[in-house]
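Fold and geometry: a report
Letter by letter, the chains look like this.
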Amino acid sequence: MEINLASNFPIIGIEPSISALISRNGDITVCYEATFSNLNSLSTDDYNLINENFRSAFAQLPNNTYLHAQTFFTTCLYDDTQLTLQSSQETYLGQANESLLFEKSFKQTKSYLYFTLCKVHPSKKSLTSNGIFSNQLSLSKRDFDSESIEKFLDGIDNYLSVLTAGLPFSFSQVHQAELQGTTGTLSICEKYLMLTQDNQDSIKEIHYNKDENTLNIGQKRCGIFNIDSILSVNDTIASFINDPKLSTDVSFFPSALCKDFTHKIDGESIYNVVVFKENIEDCKDELRSLIKTKNSLYSFSEENRTSLVDTEEFLSNLVESSGRLLPVRFYSNLIFWTEGSLEEFKNLKGSIHAGFKKRDLIPSESHAEMPIVFLNTMPGNVGNIGADQMILTYNEVASCFFNFEETSANDGKVAVGFPMLNRNGARTCVDIFADSGNSRQRKAITGYNFFCLGPTGSGKSVTMNTLIRTAVESGAFVMVVDVGHSYETLCKHYFKGSYFSFDPGQPVKINPFKIEGEVPGERRIDMILKILLK
């Protein structure tokens, strides 16, 4: 299968007045870059709030709107030259700490939300009638009036406002320069086609290898798993489950539905979730028509009888909900790749399939149609996804598949807090005295207390040495009660500080009133006054 992208590229232009992509079908797409919560930082209450916000927010969008969430999971190498160092990291130990991380690999996330307005319902499109093969533009048929566009943009603003209520999420619109690319940088669509977030990457040849069932993009072997059928989803779908590795007998640690086949996979991928907002009344009419058709086929097979019962139940729940349940069409895929051998690709595919299985999901694998499936989830082109690729369900179910976590690798490039590694191996700076350890959520606090807990050999002393060193080099006064002499070398030989060793046979006495040299500082005076007042 060959597609000449030069003459059939799905995106034909940009509307500068609203910074939107225009597809060959005339669909309008507004793009946002998303910033979500740190990986493994969401609680059960957070997940419940996300689901509640999503249900309320989705109702703000006009009908015939596609919501497309796209997350890149790419492997990066830590580069200390990109870091803006603070004074505590310019010392010998600070530089040595950074050098240990040089070229260390970690998984970085990059998330986007795309909102697409179209006038053609998915039921009138299919995988075999994809618009990319059409040489004719149909802008005149789908030209939107100013009132529709204004309603669409207002709906997006309301959606983002409701979704972020009470959550540390933020969104920034992708403007014209990034949409179309500049000299030396790739556009948002080119990054997707090249499976990269590197602006310096070059355009590569794309072709489908029938023998290996891979989409080859340069040196990358690519495969696609789809959630595109009701058979792919189990009956007890939930937005989070208990993560056994992070939970105990008495504590429950929630884990997102998509984590086992995205964050936890040792490979690169793009995770897409597409939701189309249905008109409720039109959906009811469609279901009633479908029930009539299935009634005539009722006696032919058990599958027809089962399908009829499911359809009747869906319609009944929709009618009885009185507008509380919103019908949507849902589609999701995971595009994964490796630059290694075919054997490495097969191992990656097997681990991803196992991740789906852990969540009781049964994905379908793309074959000859893979190039079309790949282009359908390109930014601005989801309007080409037909009803035969989507699941008719409720917005509550669709919300379970979204990814709302990131590795926050960008935090490591701003040296605020203590340098550490997050759970994905990316360097980050943690402010332990900010709310949730996130410097972006800093709040005023009155007690600077924390615990550093872990089993023997887990690195408690090493962690505390780093925290103490960073604090002292930042100008803080640090006093440590050292049991085990873990900090003696740091105190005596590196900082030239005062180290007092207590021995039961030779008690040590400290005279707080002995003052030598300079006038005592404010802390010393405050300590002496407290002793006298007692």
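Residues numbered from 1 in each chain as written. Predicted model: local features only at pLDDT ≥ 70, side-chain atom pairs only at ≥ 80, totals over all residues. Heavy atoms only, no water.

Some thoughts on the pairing of strand β3 (residues 28-35)
Across the eight residues that make up β3, a large majority, six, are buried. The sheet contact formed by strand β2 (residues 20-23) and β3 spans three bridges and is antiparallel. Looking across to β3, one finds that A20 is bridged to V30. Pairing geometry for β3 and strand β6 (residues 105-117), over seven bridges, is antiparallel. Directly across from E33, in β6, lies its bridge partner Y112. Examined bridge by bridge, β3 and strand β7 (residues 170-173) share four bridges and lie antiparallel to one another. Following the sheet pairing, E33 is matched in β7 by S172. (Buried < 20%, exposed > 50% of the residue type's maximum accessible area, 1.4 Å probe, protein only. Helix = DSSP H or I, 4+ residues; strand = E, 2+ residues; numbered from the N terminus. Pairing = 2+ DSSP bridges.)

Some details on the packing of helix α2 (residues 44-58) against helix α4 (residues 146-163)
One can describe the packing of α2 onto α4 by two numbers: an axis separation of 8 Å at closest approach and a directional angle of 165°. Accordingly, the angle class assigned to the pair α2 and α4 is roughly antiparallel. As α2 packs across α4, the resulting crossing turns out to be right-handed. Touching N53, F54, S56, A57 and F58 of α2 are Y159, V162 and L163, all from α4. Partitioning the contact of α2 with α4 into residue classes produces six nonpolar, two polar and no charged. (Axes fitted to C-alpha atoms, helices over the stretch in contact; angles between N-to-C directions. Parallel < 35°, antiparallel > 145°, perpendicular 65-115°, else oblique. Left-handed = near helix turned anticlockwise from the far one by under 90°. Contact = heavy atoms within 4.5 Å. Nonpolar A, V, L, I, M, F, W, Y, C, P; charged D, E, K, R; others polar.)

Remarks on α2
Over its 15 residues, α2 extends 21 Å from the first C-alpha to the last, a length consistent with the 21 Å expected when each residue adds 1.5 Å. Taken together, the buried positions of α2 are Y47, I50, N51, N53, F54, A57 and F58. The buried side chains of α2 occupy one side of the element, clustering within an arc of 165° when seen end-on. (Expected span 1.5 Å × (residues − 1). Arc of directions from axis to C-beta.)

Observations concerning the nonpolar core
Core analysis: the biggest nonpolar cluster contains 59 residues, and F58, F115, Y159, F171, I352 and F401 have the highest contact counts within it. Those residues in contact with Y159 that sit more than four places away from it in its chain are F54, A57, F58, Q60, L61, L67, L113 and F115. Ranked by size, the runner-up nonpolar core spans 35 residues in total, among them L21, C118, V274 and V382. (Core = buried A, V, L, I, M, F, W, Y, C linked by side-chain atoms within 4.5 Å.)

Considerations on the packing of aromatic side chains
By the definition in use, this model includes 20 aromatic pairs. The interplanar angle of 80° and the centroid separation of 5.1 Å between the aromatic rings of F36 and F169 together place this pair among those described as edge-to-face. Separated by 133 residues along the polypeptide, F36 in the loop between β3 and β4 (37-38) and F169 in the loop between α4 and β7 bring together distant segments of the chain. One exposure class covers both F36 and F169, and it is buried. Between F402 and F404, the aromatic rings sit 6.0 Å apart at their centres with planes inclined by 20°, giving stacked as the arrangement. The exposure class assigned to F404 is buried, which follows from its relative accessible area of 8%. (Phe/Tyr/Trp six-rings, centres within 6.5 Å; stacked < 30°, edge-to-face > 60°.)

Thoughts on unusual backbone geometry
Despite not being glycine, N213 has its phi angle at roughly 50°, a positive value. Positionally, N213 belongs in the loop between β8 (206-209) and β9 (214-217). You will see that D360, though not glycine, has its phi angle at about 60°, which is positive. Within the secondary structure, D360 sits in the loop between α9 (342-358) and β15 (364-365).

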